[in-house]
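Coordinate analysis (summary)
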Amino acid sequence: MNANLKVRGLVAGYHGFQVLQGIDLDALPGITVVLGPNGAGKTTLLKSLAGLLARQGEVKLDGARLPAEDATACVRHGLALVAEGRQLFPQMTVTENLELGGWLVPARVRAQRLARAFEDFPRLKERASQLAGTMSGGEQQMVAVARAMMSGPRLLMLDEPSLGLAPRMVDELLAIVRRIAAQGVTVLMVEQNVRKALQAADRGYVLERGRVVASGDAETLLHSDVIRHAYLGKT
Ligand code: ATP
């Protein structure tokens, strides 16, 4: 547990269109948030780290090189991604969705993790046999996070988990993410909800046009000019 992600000179994009222009980033134990305007490359960053895109540069988790373009190997190395839009199986129950998150682990471990997920997410236990597609947006996001935890990750990556959620659900979700981090899972999270994300996080990076333009501890970033002017609308 307490994993360290080290990224150096990360370059990635789509079909010859380079989005990330050489990213240096560290995710240390706790929560690291990645902020930035639409199109800055935040989703591309998470996808390339998760082995879903071709990339150049160095990506190491606890000193071990993570393979590019091999998402299954990345999961085996301890990395899990909750993609934007949750990607649940709407016609399957909550339990079935969660079990799919543990497809790489033996059945006995999967059963233990499922029991643990229902302890950590009591709201999901109540709805274990409900079809995932019939749940509220916030509940679906919880299923997505709980499903990612079923693989037993050391690094959990979340792409805009608060998107489309009511303010109270956002708070509940961020509290869950904090709890996960407190259990020793390193969290790397992309967020548009700048203020709440920085309040929940330990450290942050600001991405613009595929480059890191600011970084630091979350409290300092929250009061920095770059964040206040560009994202919080303050002069
Ligand atoms: P948002 O906040 O809008 O989700 P983002 O910071 O996550 O933005 P990305 O989704 O990483 O940004 O997109 C970065 C750039 O890559 C954009 O110019 C986008 O149009 C382009 N892009 C994203 N996905 C693809 C794709 N599958 N094929 C080609 N270009 C893509």
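Residues numbered from 1 in each chain as written. Predicted model: local features only at pLDDT ≥ 70, side-chain atom pairs only at ≥ 80, totals over all residues. Heavy atoms only, no water.

Per an unreviewed UniProt entry, the recorded name for the protein is ABC transporter ATP-binding protein, and the organism is Variovorax ureilyticus. Looking at the protein in UniProt, the text filed under Sequence similarities (unreviewed entry) is "Belongs to the ABC transporter superfamily." (UniProt positions renumbered as here; feature names shortened; annotations may be inferred.)

Turning to the nonpolar core, a few remarks are in order. Formed by 50 residues in total, the largest nonpolar core has its most connected members in Leu-98, Leu-124, Leu-156, Met-189 and Leu-198. In terms of residue count, helix H7 (residues 167-182) provides more of this core than any other element does, 8 residues in total. Those residues in contact with Met-189, other than ones at most four positions away along the chain, are Ile-31, Thr-32, Val-33, Val-34, Leu-158, Pro-161, Leu-174, Val-177 and Ala-197. Of all hydrophobic cores here, the second largest spans 27 residues; its members include Leu-10, Val-34, Leu-61 and Leu-79. (Core = buried A, V, L, I, M, F, W, Y, C linked by side-chain atoms within 4.5 Å. Buried < 20%, exposed > 50% of the residue type's maximum accessible area, 1.4 Å probe, protein only. Helix = DSSP H or I, 4+ residues; strand = E, 2+ residues; numbered from the N terminus. Contact = heavy atoms within 4.5 Å.)

The next subject is the sheet that holds strand E6 (residues 79-82). Within a sheet, each strand pairs with its neighbour through backbone hydrogen bonds, oriented either parallel or antiparallel. If you walk across this open sheet you meet the 6 strands as E6-E7-E8-E3-E9-E10, and the pairing is mixed. With one partner strand each, in any of the chains shown, E6 and strand E10 (211-217) form the two edges of the open sheet. Between one strand and the next, the sheet's axes are offset by a mean angle of 15 degrees, whatever the strand orientation. Strands strand E3 (31-35), E6, strand E7 (155-159), strand E8 (186-190) and strand E9 (203-208) of the sheet are contacted by helix H1 (residues 42-49), whose axis makes an angle of about 150 degrees with E7. On top of the sheet, helix H6 (residues 137-149) reaches E6 and E7; it is set at about 165 degrees to E6, its chief contact. (Pairing = 2+ DSSP bridges. Axes fitted to C-alpha atoms, helices over the stretch in contact; angles between N-to-C directions.)

Here the focus is helix H4 (residues 107-120). Between the first and last C-alpha of H4 there are 20 Å, a value that for 14 residues agrees with the 20 Å anticipated at 1.5 Å per step. Within H4 the residues assigned to the buried category are Val-109, Leu-114, Ala-117, Phe-118 and Asp-120. Looking at the packing, one finds that the buried side of H4 touches helix H3 (94-101), helix H5 (122-126) and H7. (Expected span 1.5 Å × (residues − 1).)

Across the sheet, which stays open at both edges, the 4 strands sit in the order E2-E1-E4-E5 with antiparallel pairing between neighbours. Sheet topology places strand E2 (17-27) and strand E5 (64-65) at the edges, where each strand pairs with a single neighbour. Here strand E4 (residues 55-61) pairs with E5 via 2 bridges, running antiparallel. Paired with Leu-61 across the strands is Ala-64, a residue of E5. Of the strands in this sheet, strand E1 (5-14), E2 and E4 are in contact with H1, which crosses E1 at around 110 degrees.

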